[in-house]
Structures are given as C-alpha cells and as structure tokens.
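One-letter residues, chain by chain:
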Amino acid sequence: MATQFPDDFKCPISLEIMTDPVILSSGHTFDRPSIQRWLDSGHRTCPISKLPLSDPPSLIPNHALRSLISNYAAVSLPKPQSNTNPETLIATLTSRSSSVESKIGSLAQLGRVSKRDSGLRWRLMESGAVSAVLSCAASSDTCLREKALCLLLNLSLDDENKVGLVAEGAIGNIVAGLSSGSPDSRAMAATMLTSLAVVEVNKATIGSYPCAIRALVSLLEDGTPREKKEAATALYALCSFNDNRRRAVECGAVPILIGMAELGIERAVEVLGLLAKCKGGREEMVKFCDCVRILVNLLRNGSSRCVQYALLTLYSLCCYSEQVCFEALREGVYEHCSGLLGDDNEKIRRNASSLIQALRGKRSIR
C-alpha cells in the first residue's frame, strides 16, 4: 500500500508512511517513532542535514501533513472490504442487546480501519462509543477484551485522544487489564499505558491511580517476556515524572530491574537510570550487593543503549555514596570511562565525562 503514496508522505528513516509526523528544528519531518529511536540512540544531529539539534530536541507535530496523508488515504486508496458501515458497527457496540459475538466482530472491523483512518478515530471519540469500548475492555471474555484494547490503542494514536480517553475513565479499565486476562491482553494494556503517557499530564494521572504502578511491577516480576518488555516500557514512560519514580521504588521495582539488567535487557537499564535520580531508588540500589558489578559489566559488554544508562546510573550512585565510588574505582570504571570519551555516541561521551568528574576526587584517596 505504501507504494501508492507520494514519497513525501514517507519517513526518511523508515521509508514507511508516516502516522505521526513531527518537525525537527532543522525543518525536516520524520515519523515520531523513527526519529525518537534516532534520538534515544544518543544522536543530536538531524539525520538529513546533519545540523546540530537543541538539547532536549523539540518534536513539533506536523498536523498539516498528518491531515494531508489521512485525506489522501481516504480518497485515493481502496477501501477495506466490509459489508457494514462504521455507523452500524458503532451502533452494535453501544446497543445493550448486542451479543458478545457481534461486538467482537464490530471491534475487529473498527480496529482494522481505525489504524489508518484518523477521521474514523475522531468519529468514534465523538460518537459516545468510547464508554462501550471501555466496557468491552473490562469484560471477562478474553477475545472481546483484546479486540477492545486493540481499538483503544488505535484511538490513542492521536494526542488529543490520549487526553480524551483518560477523561472518559480509560485508566481504570486498562489498569484492571494488567492483572487479568490472557498474557497478550495484559501486554496490550501495558502498551496502552505507554501510549497515554506520551502526554505529560497523563503521567501524573496514571501514576496516582491505585495499583497502576504496582500492577506494572508485578508484570515485570511474573510476566512472560513480552509482558516484561511492555511493562518496562510503560514504567520508562511514566517514570520521567518524579512522583512515579518514588512509587515504582516503593513497589519493589529496583531488585527486579537489576535482575533484568544483568540479562542485558535495555529497557530495564533505562528505567534504572531514571529511578537512580530519586533518593529512594539510590538507596535500594546501594543495598543490592551486586548492583555496581552488574552495571560495570554492562559498561564493558552491553549495547550502546545499556552503556549510556549504566553510566547515568553509576553517576547518580557515585554522587550519592562514597562507598559506590570506591567500588567503581576498584572495578576500573575510571579507566574504562576515559576510553569512552572517544565514543561516537554523544550521550555516552557526556555521561562518561560526568562519571569521571564524580570519581576524580576519590581516585587520589583510594
């Protein structure tokens, strides 16, 4: 289908049709997930012009291009084959007399179409159907719940809908879905929280909801590999808000994340980097006897992303604890960081430099 779109609608990085185009300060437009991965890897230049970007970089939604892509798709592309129009599908969802099977069918069709049709997403939000979809997401029927969560995830593609869904009471149903249903539906519920947390105000709302952070930590500990990954990703999104770091620490996230980090799971290391910014997180890490050894091993053998956040975590711990400083020096962290000052990744260079500064004063009295 992508070949039917003009090239200007494709992200220069992924070469896929953009679903959430954003503009960099260089003036070039990229799909948000693609450019975010570029930035998360430590790059601070435009992928096209190579011009330096501000820190933190600003990503400005390109609403005009997004609308143009949506309108082009509406008039130019073959419509999905369906015997039922969206209004009838919405009516099926909102009717109390509809059977579970008919609701599943309606959710499945709306889910397929809404993924690329922003107009339908808007109509669903305005039609009053969201409350019915949320009721389906709380159902004991596994299939009905999964189809509802899939549709809700599509609706959350639009930033304005992320706020609207929270206002409709979506958080309660989603949090309930973290601890019941199939592994796939639990993972999808965690993904849904990640999507909603893109909007800053939602981070506080989700974090303050009873059991939200605790349910994610439970998935970290007991979930399938997919559940663990999605739970860690949700925590990473939520813990950029300071109060949520404290909540995650109080729910016992630190030892679980350290265990995951030892396996080289990037997202776990990233969350540790955020939790190390709060006093409670640092206290828990210092109490964990193998924490420094695991972080040092990540410096030597981890991926670029692991190295970046292991440096950040060690810096926070060394600023907090003289004991950690001496342990890091014994492990050869100072010398290793000196070698990282020539790394291609700007964030690694910067974090290594900060850690060297933290260790320098202790080196002479080691």
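Nothing here was measured: the structure is a model prediction, and the numbers come from that model.

Details of the overall build of the protein
Scanning the protein from N- to C-terminus turns up 22 helices and three strands. For 366 residues, the compact-globule estimate of 2.2 N^0.38 gives 21 Å, and the protein sits close to it at 23 Å. If you line up the protein on its principal axes, its C-alpha atoms span 75 × 45 × 30 Å. A burial count over the protein gives 50% of its 366 residues as buried. Within the protein, residue pairs in contact and separated by at least 24 positions form 63% of the contacts whose partners lie at least 6 positions apart. With an accessible surface of roughly 16,700 Å², the protein has 52% of that area assigned to carbon and sulfur atoms.

Section: the pattern of salt bridges
Enumeration according to the criterion identifies 16 salt bridges in this entry. Close ionic contact of R226 with D184 constitutes a salt bridge, the shortest N to O distance being 3.1 Å. A residue pair is termed long-range when its members are at least 10 positions apart, and R226 in helix α13 (residues 225-238) and D184 in helix α10 (residues 183-196) qualify at 42 residues. With relative accessibility at 41%, the residue D184 sits in the partly exposed group. Taken together, the shared-partner salt bridges connect D20, R32, R66, R121, D158 and D159 into one network.

Notes on the side chain of R66
Looking at where R66 falls in the secondary structure, it is placed in helix α2 (residues 63-76). The buried category is assigned to R66, whose relative accessible area is 15%. Setting aside chain neighbours within four positions, we find R66 in contact with T19, D20, P21, R121, L157 and D158.

Thoughts on the environment of K347
Examined against the element boundaries, K347 turns out to sit in helix α22 (residues 346-363). Considering only alpha carbons, one finds K347 and S304, 43 residues apart in sequence, at a separation of 9.8 Å. When near neighbours in sequence (up to four residues on either side) are disregarded, K347 contacts L39, G42, R44 and Q308.

Re unusual backbone geometry
In this model, L15 sits at a positive phi of 65°, which is unusual for a non-glycine residue. For L15, a relative accessible area of 58% puts it in the exposed group.

Re the packing of helix α16 (residues 266-275) against helix α19 (residues 304-320)
As a packed pair, α16 and α19 sit with axes 8 Å apart at the nearest point and diverge in direction by 25°. With respect to their mutual orientation, α16 and α19 come out roughly parallel. Pair α16 / α19 crosses with left-handed handedness. When α16 is examined against α19, the residues E266, V269, E270, L272 and G273 are found in contact with a partner set consisting of R305, C306, Y309, A310, L312 and T313.

Let's talk about the nonpolar core
Residues L152, L165, L216, L275, M285, L311 and L359 are the most contacted members of the largest nonpolar core, which totals 101 residues. Of all the elements, α19 adds the most residues to this core, at nine residues. Non-local contacts of L359, meaning those with residues more than four positions away in its chain, are made with C318, C325, A328, L329, V333 and Y334. Membership of the second largest hydrophobic core comes to 15 residues, among which are F5, C46, L59 and I69.

Some thoughts on the packing of helix α4 (residues 100-114) against helix α7 (residues 142-155)
Relative placement of two packed helices is described by the angle separating their axes and the distance separating the axes. Contact geometry for α4 and α7: axes closest at 9 Å, N-to-C directions at 25°. One finds that α4 runs roughly parallel with respect to α7. In the packing of α4 onto α7, the handedness of the crossing is left-handed. Judged by residue contacts, V100, K103, I104, L107, A108, L110, G111 and S114 of α4 engage C143, L144, K147, A148, L151 and N154 from α7. Classifying every residue of the contact of α4 with α7 gives nine nonpolar, three polar and two charged.

Topic: the confidence of the model for the protein
Scored by pLDDT, the protein comes out at a mean of 88, with 95% of its residues at no less than 70. Under a pLDDT of 50 for its full length, residues 79-83 has, in the predicted model, five contacts with residues more than four places off or in other chains.

So, the packing of aromatic side chains
One pass over the structure, following the stated rule, counts one aromatic pair. Aromatic pair Y236 and Y309: ring centres 6.2 Å apart, planes at 75°, arrangement edge-to-face. Of this pair, Y236 sits in helix α13 while Y309 is found in helix α19, placing the two residues 73 residues apart along the sequence. A single burial state applies to Y236 and to Y309, both of which are buried.

What counts as what
- Residues numbered from 1 in each chain as written.
- Predicted model: local features only at pLDDT ≥ 70, side-chain atom pairs only at ≥ 80, totals over all residues.
- Heavy atoms only, no water.
- Helix = DSSP H or I, 4+ residues; strand = E, 2+ residues; numbered from the N terminus.
- Rg over C-alpha atoms; globule rule 2.2 N^0.38 Å.
- Buried < 20%, exposed > 50% of the residue type's maximum accessible area, 1.4 Å probe, protein only.
- Contact = heavy atoms within 4.5 Å.
- Areas by Shrake-Rupley, 256 points an atom, 1.4 Å probe, with all protein chains shown as cover.
- Salt bridge = Lys/Arg side-chain N within 4 Å of Asp/Glu carboxyl O.
- Axes fitted to C-alpha atoms, helices over the stretch in contact; angles between N-to-C directions.
- Parallel < 35°, antiparallel > 145°, perpendicular 65-115°, else oblique.
- Left-handed = near helix turned anticlockwise from the far one by under 90°.
- Core = buried A, V, L, I, M, F, W, Y, C linked by side-chain atoms within 4.5 Å.
- Nonpolar A, V, L, I, M, F, W, Y, C, P; charged D, E, K, R; others polar.
- pLDDT = per-residue confidence, 0-100.
- Phe/Tyr/Trp six-rings, centres within 6.5 Å; stacked < 30°, edge-to-face > 60°.

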